[in-house]
Amino acid sequence: GQQLNQSPQSMFIQEGEDVSMNCTSSSIFNTWLWYKQEPGEGPVLLIALYKAGELTSNGRLTAQFGITRKDSFLNISASIPSDVGIYFCAGQSSNDMRFGAGTRLTVKP
Amino acid sequence: GAGVSQTPSNKVTEKGKYVELRCDPISGHTALYWYRQSLGQGPEFLIYFQGTGAADDSGLPNDRFFAVRPEGSVSTLKIQRTERGDSAVYLCATGQGFAGELFFGEGSRLTVL
C-alpha cells in the first residue's frame, strides 16, 4: 500500500523556537492533511490542503502541498508549551486516507 | 452528540473471545473510517464506508475482522477469536463524502490478555 515517510520522528525544542516537519510519499495524493494527537484522544485536524502548491496558514501553523503532490510540510512558529503532542501527516487519494508514523514534539519552557 | 462517539472506551478481553466496538458518527456524515493505532505508530487504515456499503475493506488484516454499518449511521467493528496482537486503539473517523476532513473519536482501547 501507499507509504508515508514522516520526519523527524521526534523533536525537543525550546519555547519560542520554530518547528518544521515533513512528509514524503512515493505515491501521488489529491489531499494532504495535518493532524495533532494528544494522549488518550483521537487526532484533531489542523490544516487541510487540496491543491498542489497550496500554502495555507492556521494561526502559527503553516502547511504546504508539494508541487509534485508527493510531499507536504508543516511549520509551527514561536512554539508554546501547549504545542506538545504528536503530529501526523495524512495523504488521501480516492477513498482512503493514509497516515505517517508521526512526529513527537516536546517543548521545553 | 456533537462529535464522534466510540464505545467502549476501554475493553479488556481474553485471547479467543469475540469483541464488538461501536462508533456513532457525527450526524449527517456519510463517510466512516475505522483505523487501528498501535503504540508509537500512526493510524492504520482498516475499512471505509460510504453510506451503508463498505467501499474499501482492503485494510482489514484477516477474516477475523468484520465491520457493518446497516443503516448508514452507527458502525460496529467485530473481531472474532481475538489474539494478543489485536491489542491496540481502534479509532473511528467520519466525514462528508470525499472532502478529506475527517473527525476522529477518542478511540476504543482493546487489550487482549
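Analysis parameters
- Residues numbered from 1 in each chain as written.
- Chains lettered and ligands numbered in written order.
- Predicted model: local features only at pLDDT ≥ 70, side-chain atom pairs only at ≥ 80, totals over all residues.
- Heavy atoms only, no water.
- Helix = DSSP H or I, 4+ residues; strand = E, 2+ residues; numbered from the N terminus.
- Pairing = 2+ DSSP bridges.
- Axes fitted to C-alpha atoms, helices over the stretch in contact; angles between N-to-C directions.
- Salt bridge = Lys/Arg side-chain N within 4 Å of Asp/Glu carboxyl O.
- Buried < 20%, exposed > 50% of the residue type's maximum accessible area, 1.4 Å probe, protein only.
- Contact = heavy atoms within 4.5 Å.
- Buried area = accessible area lost by both parts, 1.4 Å probe.
- Polar contact = N/O pair within 3.5 Å; in protein donor to acceptor, adjacent residues only side chain to side chain.
- Nonpolar A, V, L, I, M, F, W, Y, C, P; charged D, E, K, R; others polar.

1. Observations regarding unusual backbone geometry
And step 1. Geometrically, the link from serine 7 of chain A to proline 8 of chain A is a cis peptide bond, its omega value of -5° lying close to zero.
And step 2. By the secondary structure assignment, proline 8 of chain A is in the loop between strand E1 (4–7) and strand E2 (10–14).
And step 3. Here the bond from threonine 7 of chain B into proline 8 of chain B is cis, since omega is -10°, no more than 30 degrees from zero.
And step 4. Inspection of the secondary structure assignment puts proline 8 of chain B in the loop between strand E1 (5–7) and strand E2 (10–13).

2. Structural notes on the sheet that holds strand E3 (residues 19–25) of chain A
All names here are of chain A.
And step 1. Pairing is antiparallel across the open sheet formed by five strands, whose spatial order is E1-E3-E8-E7-E6. Two strands in the sheet have a free side with no partner beyond their single neighbour: E1 and strand E6 (55–58). On average, adjacent strands in this sheet sit at an angle of 15° to one another, irrespective of strand direction.
And step 2. Here E3 runs beside strand E8 (residues 71–76); their pairing, made up of six bridges, is antiparallel. Across the sheet, serine 20 pairs through a bridge with asparagine 75, a residue of E8.

3. Section: the pattern of salt bridges
Residues and elements named next belong to chain A.
And step 1. Evaluated as defined, the whole model comprises six salt bridges over all chains.
And step 2. Aspartate 83 is paired through a salt bridge with arginine 60; the nearest N and O atoms lie 2.8 Å apart. Here the residue aspartate 83 occupies a position in the loop between E8 and strand E9 (85–93), and arginine 60 occupies one in the loop between E6 and strand E7 (61–65), the gap between them amounting to 23 residues.
And step 3. Take aspartate 83: its relative accessible area is 5%, and that puts it in the buried class.
And step 4. On the basis of relative accessibility, which here comes to 27%, the residue arginine 60 falls in the partly exposed class.

4. A short note on the interface of chain B and chain A
And step 1. The partner chain A presents 20 residues to the 21 residues of chain B that form the contact.
And step 2. Taken together, both faces of the contact between chain B and chain A bury some 1,600 Å²; the carbon and sulfur share is 51%.
And step 3. There are zero salt bridges connecting chain B and chain A.
And step 4. Summed over the shared surface of chain B and chain A, the number is five residue pairs in polar contact (both at pLDDT 80 or more).
And step 5. Put simply, the parts of the chain that give the side of chain B that touches chain A at least two residues each are strand E4 (31–37), strand E5 (44–50) and strand E6 (53–56) of chain B.
And step 6. Of all the elements, E4 of chain B adds the most residues to the side of chain B that touches chain A, at three residues.
And step 7. For the side of chain B that touches chain A, a count of residues per class yields 11 nonpolar, seven polar and three charged.

5. Some details on the environment of serine 93 of chain A
Residues and elements named next belong to chain A.
And step 1. By the secondary structure assignment, serine 93 is in strand E9.
And step 2. Under the relative-accessibility criterion, serine 93 is labelled buried at 12%.
And step 3. Sequence-wise, serine 93 and isoleucine 47 are 46 residues apart; in three dimensions their C-alpha atoms are separated by 17 Å.

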